[in-house]
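Coordinate analysis (summary)
In case you want the letters, here they are:
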Amino acid sequence: MIDRLPVPFGLVRYGVAPDHESIRSIRNTLERTLEKSCVRFYGDVSIGVDLSIAELRESVDAVIYAYGAGTDRRLGIPGEQLWGSIAAAELVAWYCGNPDVHPDAGQFSTSDHLMAADIDELITSSQHAVVVGVGNVALDIARILIKSVDQLTDTDMAAQVLDSLSRKSITDVHVLGRRGPAYTAFTTKELREMGQIPGVDLVVDPADLELDSSSQAVVQQNKVAARNMVVFQDWAGRPLSGASKRISFHFWTRPTMIMGSDQVTGVEIERTMINSEGYVVGAGGRQTLAADLVVRSVGYRGLPLVGVPFDENTGRVPHAEGRVIRDGGFSPGEYVTGWIKRGPTGVIGTNKSDAVETVTSLLADVHDGAVQAHGRSGKLDRLLAERGIRPLGMTAWHRINAAEIELGAKHGRLRTTLAHRKELLAAAKSDADNLA
Ligand code: NAP
């Protein structure tokens, strides 16, 4: 298993919200797999930089691409580029302590993305946040923005992230859904959790919950939609407690412009409806929501990796049952799984059945002789060694793990994530390395 970052666990460490400890604990299962003698972890090896796809394919008998959806989708409305308008992916990477957004001291960023210092400035200067989109990522973002720092200290968040969150003063998070409450992409467990945050009122307009005939049909056919409606109805029926913080859900509402001259001051929104062809269209009735922070959480999109077939229209690697299609036919020894295979949908468990399909194809190809073991064991190691690249393995992870647990213990926490690459590399080194 090869990862660009110095540590294993990918999405589980850098995508799942830190306050979702039970989902994050899947890490333990993954760790047991990585510890098996037949599995090797190569951390801090970047395919496309350290090794080309062609070199990788020549070094092993089969490759499974599992590099996910590397970017966010845009809204395509005026003002999206303003200071204060940010992608959910940037915020997620920040609060999960991803070294990509936590540059080392003195490291010059070449990325177009906001870095930790920018996000700190935004988070600590904002009072009203607007989150566009009604999927589970939008819920993660709204929760992290509204929770007080005391409600987040029992997570493994990096110290600098907690420090920023301790200085924030966000009182209102507005979540915008361009369709009605029957059409959200929320899972019910995650939605219910929003109503259980102490000190936060949930605001839902009862008028938004009156269902037209197509919404009624959705609720009748879709159990999740029906359960979500019950949650919204419960919230709409609750008197507001007068708490100092609120999450407000606005349905049939989409942003038409992010307002401000150099930084966000508000969002122009309009009412929407679904037209006879099934498209979301404006229904008139524009108004302005005051906001200093706008987070677009409208889904992710896969990025091409040089040397791997890619469908620009879908943002995915073309495949059949996980077998990569290259030049119109199957490419022996090339497979794909996860978001770069099926698009950015599904919960963690969806990846299991997805991977099973891919691995079943791989094993069938081995059985049929389409993929053969060439006894290339060691070729990858030799190639990396020739280039002076020293992958970080599970021993390095054990040291990083121990360092994070030790750091956490100093502050009465189970773990504190090390967010800077230099910190991770320093923790990964053994005393012997330090003497060398
Ligand atoms: P998502 O589930 O696809 O939701 C995207 C949302 O953005 C939808 O509500 C969509 O509305 C809306 N949207 C898209 N384009 C829009 C536009 N131009 N203007 C306004 N709204 C727009 O994506 P996600 O939230 O990024 O989540 C990705 C996947 O990760 C999902 O499968 C999610 O369940 C999963 N996830 C799971 C968890 C968890 O289990 N705890 C946590 C995080 C993520 P329309 O439906 O109208 O297009």
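Just above sits the structure.
The paragraphs below set out a description of the structure included in this document. Computed from a predicted model, the values in this text were never measured in an experiment. (Residues numbered from 1 in each chain as written. Predicted model: local features only at pLDDT ≥ 70, side-chain atom pairs only at ≥ 80, totals over all residues. Heavy atoms only, no water.)

Moving on to the site of the ligand. As a structural note, the neighbourhood of the ligand is formed by 24 residues, with N136, V137, R178, R179 and G346 the closest of them. One of the side-chain nitrogen or oxygen atoms of N136 is found 3.0 Å away from an oxygen atom of the ligand. R179 places a side-chain nitrogen or oxygen 2.8 Å from an oxygen atom of the ligand. The biggest single contributor to the shell around the ligand is helix α7 (residues 136-146), with 3 residues. Here the residues of the shell around the ligand are counted per class, giving 11 nonpolar, 8 polar and 5 charged. (Near = heavy atom within 4 Å. Polar contact = N/O pair within 3.5 Å; in protein donor to acceptor, adjacent residues only side chain to side chain. Helix = DSSP H or I, 4+ residues; strand = E, 2+ residues; numbered from the N terminus. Nonpolar A, V, L, I, M, F, W, Y, C, P; charged D, E, K, R; others polar.)

Quick look at a nonpolar patch on the surface now. A contiguous nonpolar patch, built from I64, V359 and L363 and spanning about 240 Å² of accessible area, is present on the exposed surface. Taking the relative accessible area as the measure of exposure, V359 reaches 34% and is therefore partly exposed. (Patch = residues over 30% accessible without salt bridge, like charges linked within 9 Å, V, L, I, M, F, W, Y side chains within 5 Å. Areas by Shrake-Rupley, 256 points an atom, 1.4 Å probe, with all protein chains shown as cover. Salt bridge = Lys/Arg side-chain N within 4 Å of Asp/Glu carboxyl O. Buried < 20%, exposed > 50% of the residue type's maximum accessible area, 1.4 Å probe, protein only.)

Within this structure, the stated rule accounts for 30 salt bridges. In this structure, the salt-bridge partner of R4 is D100, at a minimum N-O distance of 2.7 Å. Here D100 lies in the loop between α5 (88-95) and α6 (116-125) and R4 lies in the loop between β1 (2-3) and α1 (10-14), a separation of 96 residues in the sequence. With relative accessibility at 46%, the residue R4 sits in the partly exposed group. Between D381 and R40 there is a salt bridge, with its nearest N and O atoms 3.2 Å apart. A residue pair is termed long-range when its members are at least 10 positions apart, and D381 in helix α14 (residues 379-386) and R40 in the loop between α3 (26-34) and β2 (42-43) qualify at 341 residues. Given the relative accessible area of 27%, D381 is considered partly exposed. Among the charged side chains, a network of salt bridges with common partners joins D19, D140, R143, K147 and E193.

Spanning 15 residues, helix α11 (residues 223-237) covers 21 Å between terminal C-alpha atoms, matching the ideal 21 Å at 1.5 Å per step. Along α11, the residues that are buried comprise A225, N228, M229, V231, F232 and W235. The buried residues of α11 occupy one face: seen down the axis, they fall within an arc of 165 degrees. Among the exposed residues of α11, those oriented more than 90 degrees off its buried face are K223, V230 and G237. The secondary structure elements touched by the buried residues of α11 are α9 (188-194), β8 (200-204), α10 (213-221) and β9 (245-250). (Expected span 1.5 Å × (residues − 1). Arc of directions from axis to C-beta. Contact = heavy atoms within 4.5 Å.)

Here we come to the nonpolar core. Membership of the largest hydrophobic core comes to 74 residues, with the highest contact counts inside it found for W94, Y95, L145, V173, F232, I247 and F249. The element contributing the most residues to this core is α7, with 7 residues. Ignoring sequence-local partners within four residues, the contact set of V173 consists of A129, V131, A142, L145, I146, R246, I247 and S248. Among the nonpolar cores identified, the runner-up in size contains 19 residues, and V324, L380, L383 and L384 belong to it. (Core = buried A, V, L, I, M, F, W, Y, C linked by side-chain atoms within 4.5 Å.)

Moving on, we come to the sheet that holds strand β17 (residues 329-336). Pairing is mixed across the open sheet formed by 4 strands, whose spatial order is β3-β17-β16-β15. The sheet terminates laterally at β3 (63-65) and β15 (319-320), the two strands that pair on one side only. Sheet topology places β15 next to strand β16 (residues 323-326); 2 bridges connect them, and they run antiparallel. Residue H319 lies in a different strand from β16, and its bridge partner there is V324. (Pairing = 2+ DSSP bridges.)

Although it is not a glycine, D44 sits at a positive phi angle of roughly 65 degrees. Along the chain, the position of D44 falls in the loop between β2 and α4 (53-59). A positive phi angle is found at E321, which is not glycine, with a value near 50 degrees. Among the secondary structure elements, E321 is positioned in the loop between β15 and β16. For E321, a relative accessible area of 49% translates into the label partly exposed.

On to the pairing of β9. A large share of β9 lies buried, amounting to 5 of its 6 residues. In this structure, strand β7 (residues 172-176) lies alongside β9, joined through 5 bridges in parallel fashion. Bridge pairing in β9 places V175 opposite F249. Of the strand pairs in this sheet, β8 and β9 are connected by 5 bridges, and their pairing is parallel. Its bridge partner lying in β9, L202 is registered against I247.

With that settled, the discussion passes to the sheet that holds strand β6 (residues 128-132). Read from one edge of the open sheet, 6 strands run β5-β13-β6-β7-β9-β8, paired in parallel fashion. Only two strands of the sheet have a single neighbouring strand rather than two, namely β5 (85-87) and β8. Within the sheet, the average angular offset between the axes of one strand and its neighbour, ignoring direction, is 20 degrees. Along the sheet face, α5 touches β5 and β13 (293-296) and points at about 70 degrees away from the line of β5. (Axes fitted to C-alpha atoms, helices over the stretch in contact; angles between N-to-C directions.)

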